[in-house]
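# Structural overview
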Amino acid sequence: MTDWRGLGETLSGALHLATPPIGITFSAQRPTGVASFDAPMSDPAEDGRTGRVAAGCVFWARGAEATFSTVAEDHGNCSVGRMTHGLATLADVTDNGDVALLVGSGWVSPEAVGQIPVITERPGAITYGPLSETPDNVDPDVVLLWINGRQLMVLSDAIPGLRIKGKPQCYIVALAKQDKVAAASVGCALSRARTA
Amino acid sequence: MTPDQMTCAIPAGKLADVVAAVIATAEADAVVARYAAQDARRFS
């Protein structure tokens, strides 16, 4: 069994992280004994989108505070996040209002939307939580770090081939889960507004 | 997400190797930073 606590604490110390590493785990169903994320569903947008948070990247922030599991409907408000995390296909979301805004504003081209890395196997549940508190029956797929410029400098030196990406921020999780490559993101306007 | 924050996603299966590399990198950085700080005193 991997010593997630030890690895997380060692990494936090070496990088001087202000926020502890987050474990993200994709599974067929909710892990036993892990609480469900239970914030209320939002009022629906005009196109019917709703969710328990504004976007999946919000779970990254909440996952620094407590361990919880989520299912597809919890992620339903952000079409891009649904797609990158394997919860929807491009065809599922292409007519949604948020996608129309992103394309219509010129933020992203229609061609680029179709090239965004995604997780191809649809998960039944996604669990988030502090890596150091990973339950015994949970085996994270991705470790997510909140970093600053200095910490990125160290990671860039330490990880050969580290990819540094931009918008949309959430696809770095797909790169780590699907392609098994480490990727950093400078963030994106969508995520920065939703996690402010 | 604060203005100075960024993110990094690491495949969990590679975390042990990343941690070892980060420790080595941070140690080398510390040596260089100490040297640079000492060297800079000649200019103050």
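Structure: see above.
As a starting point, this report considers the structure included with it. Please read these numbers as outputs of a predicted model, since none were measured by experiment.

### A few points about the packing of aromatic side chains
Summed over the entire model, instances satisfying the criterion amount to six aromatic pairs over all chains. Taken together, Phe-37, Phe-59, Phe-68 and Tyr-128 of chain A form an aromatic cluster joined through their ring pairs.

### What to know about the nonpolar core
Core analysis: the biggest nonpolar cluster contains 41 residues, and Ile-24, Trp-60, Tyr-128, Leu-144 and Val-173 of chain A have the highest contact counts within it. Looking at this core, the elements that each hand over two or more residues are strand 1 (22–27), helix 2 (56–62), helix 3 (79–84), helix 5 (97–104), strand 3 (125–130), strand 4 (142–147) and helix 8 (171–178) of chain A. Top contributing element to this core by residue count: helix 8 of chain A, with six residues. Among all residues touching Tyr-128 of chain A, those that are not within four sequence positions of it are Gly-23, Ile-24, Gly-56, Phe-59, Trp-60, Gly-63, Ala-66, Thr-67, Phe-68, Thr-70, His-75 and His-85 of chain A. Judged by nonpolar contacts, the second largest core, of 27 residues, contains Ala-158 and Ala-184 of chain A together with Cys-8 and Ala-21 of chain B.

### With respect to helix 5 of chain A
Residues and elements named next belong to chain A. For helix 5, the full list of buried residues reads Asp-98, Val-99 and Leu-102. End-on, the buried residues of helix 5 take up no more than an arc of 100 degrees, which puts them together on one face. Across from the buried face of helix 5, at angles greater than 90 degrees, the exposed residues are Leu-101 and Gly-104. Considering only its buried residues, helix 5 is in contact with helix 3, helix 4 (90–93) and helix 9 (189–194). Following helix 5 by one or two positions, Gly-106 adopts a phi angle in the positive range, close to 85 degrees.

### Some words on the interface of chain A and chain B
Between chain A and chain B, the residue contacts involve 43 residues of the former and 23 residues of the latter. Both sides of the chain A and chain B interface together cover about 2700 Å² of buried area, and 67% of this is carbon and sulfur. At the boundary of chain A and chain B, one finds zero salt bridges. Joining chain A to chain B, the criterion identifies 11 residue pairs in polar contact (both at pLDDT 80 or more). Mapped onto the side of chain A that touches chain B, the elements with two or more residues apiece are helix 1 (4–15), strand 4, helix 7 (149–158), helix 8, strand 6 (183–185) and helix 9 of chain A. Sort the elements by how many residues they give to the side of chain A that touches chain B and helix 7 of chain A lands first, with seven residues. Along the lines of polarity and charge, the residues of the side of chain A that touches chain B split into 30 nonpolar, nine polar and four charged. Two elements, strand 4 of chain A and strand 1 (residues 6–11) of chain B, share six bridges in a ladder whose sense is antiparallel. Counterpart to Trp-146 of chain A in the pairing with strand 1 of chain B is Thr-7 of chain B.

### Some words on the pairing of strand 3 of chain A
Residue and element names in this part refer to chain A. By the criterion of burial, strand 3 is predominantly enclosed, with six of the six residues buried. Pairing between strand 1 and strand 3: six bridges, direction antiparallel. Across the sheet, Ser-27 pairs through a bridge with Ala-125, a residue of strand 3. Of the pairings in the sheet, the one linking strand 2 (residues 68–70) to strand 3 comprises three bridges and is antiparallel in character. Residue Thr-70 lies in a different strand from strand 3, and its bridge partner there is Ile-126.

What counts and how
- Residues numbered from 1 in each chain as written.
- Chains lettered and ligands numbered in written order.
- Predicted model: local features only at pLDDT ≥ 70, side-chain atom pairs only at ≥ 80, totals over all residues.
- Heavy atoms only, no water.
- Phe/Tyr/Trp six-rings, centres within 6.5 Å; stacked < 30°, edge-to-face > 60°.
- Core = buried A, V, L, I, M, F, W, Y, C linked by side-chain atoms within 4.5 Å.
- Buried < 20%, exposed > 50% of the residue type's maximum accessible area, 1.4 Å probe, protein only.
- Helix = DSSP H or I, 4+ residues; strand = E, 2+ residues; numbered from the N terminus.
- Contact = heavy atoms within 4.5 Å.
- Arc of directions from axis to C-beta.
- Buried area = accessible area lost by both parts, 1.4 Å probe.
- Salt bridge = Lys/Arg side-chain N within 4 Å of Asp/Glu carboxyl O.
- Polar contact = N/O pair within 3.5 Å; in protein donor to acceptor, adjacent residues only side chain to side chain.
- Nonpolar A, V, L, I, M, F, W, Y, C, P; charged D, E, K, R; others polar.
- Pairing = 2+ DSSP bridges.

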